[in-house]
Amino acid sequence: MVFVSLILICTACIRDNSEEGTFILKSGDKLPVFSITLNNGLEVTNEEFRGKVSLIVFFNTGCPDCRKELPVIQEVYEYFKEYDDIKVLAISREQGYNDVCQYWASNDLSVPFSAQDERYVYDKFSENGIPLIFIINKNLVIYKVWKENECPDKYQIICTIESVNDF
């Protein structure tokens, strides 16, 4: 019984239910309307992404796959941070500011993030599953989505961003 409970706890953050066909934005879908506050206090809306190639990752630091993927996102952020036309940010799913700040500090992360105590923004993108990574083109159209079981490496992400950005 303890073993079964442990398995459920470890996988619950990745997929909330096992139903096929659940809602998730996909390639070709328009970026939804949303507004968030980043850890530096800046307000960001979906319109801030217009004219930029963007990476948005949804995460929760209690999720084992997210903990593996966040360092990859950090490497991608470091690679592109000097580019004005590329935006990388992370949005928590049901995890507050203090918890995310503590995790960022203890893991030497500097990716801009927005801590969301609830699922309001996340629910505009998907019903379940994290980590969830979106690459958005300059016209606010989703170009690529990596779902919870498709954790890409930094080269896959960088190559995708560069191909969208017409480097």
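Our subject is the structure that appears above.
The sections below set out a description of the structure shown in this document. (Residues numbered from 1 in each chain as written. Predicted model: local features only at pLDDT ≥ 70, side-chain atom pairs only at ≥ 80, totals over all residues. Heavy atoms only, no water.)

1. Some thoughts on the environment of D108
By the element assignment, D108 lies in the loop between α3 (97-106) and β5 (113-114). Once the C-alpha coordinates of D108 and P71 are considered, the two residues, 37 residues apart in sequence, prove to be 9.0 Å apart. (Helix = DSSP H or I, 4+ residues; strand = E, 2+ residues; numbered from the N terminus.)

2. Things to note about the packing of aromatic side chains
Each aromatic ring pair is described using two quantities: the centre-to-centre distance and the angle formed by the ring planes. Tallying each qualifying case throughout the model produces 12 aromatic pairs. A centroid spacing of 4.8 Å and a plane angle of 55 degrees characterise the contact between F58 and F125, whose relative ring orientation is tilted. A residue pair is termed long-range when its members are at least 10 positions apart, and F58 in strand β3 (residues 53-59) and F125 in the loop between β5 and β6 (132-136) qualify at 67 residues. On the basis of relative accessible area, F125 is assigned to the buried category, the value being 0%. Taken together, a centroid distance of 6.0 Å and an interplanar angle of 35 degrees make the contact between Y97 and F113 tilted. One end of the pair, Y97, is in helix α3; the other, F113, is in strand β5, and 16 residues separate them in sequence. For Y97, a relative accessible area of 43% translates into the label partly exposed. F113 gets classed as buried once you look at its relative accessible area, which sits at 2%. (Phe/Tyr/Trp six-rings, centres within 6.5 Å; stacked < 30°, edge-to-face > 60°. Buried < 20%, exposed > 50% of the residue type's maximum accessible area, 1.4 Å probe, protein only.)

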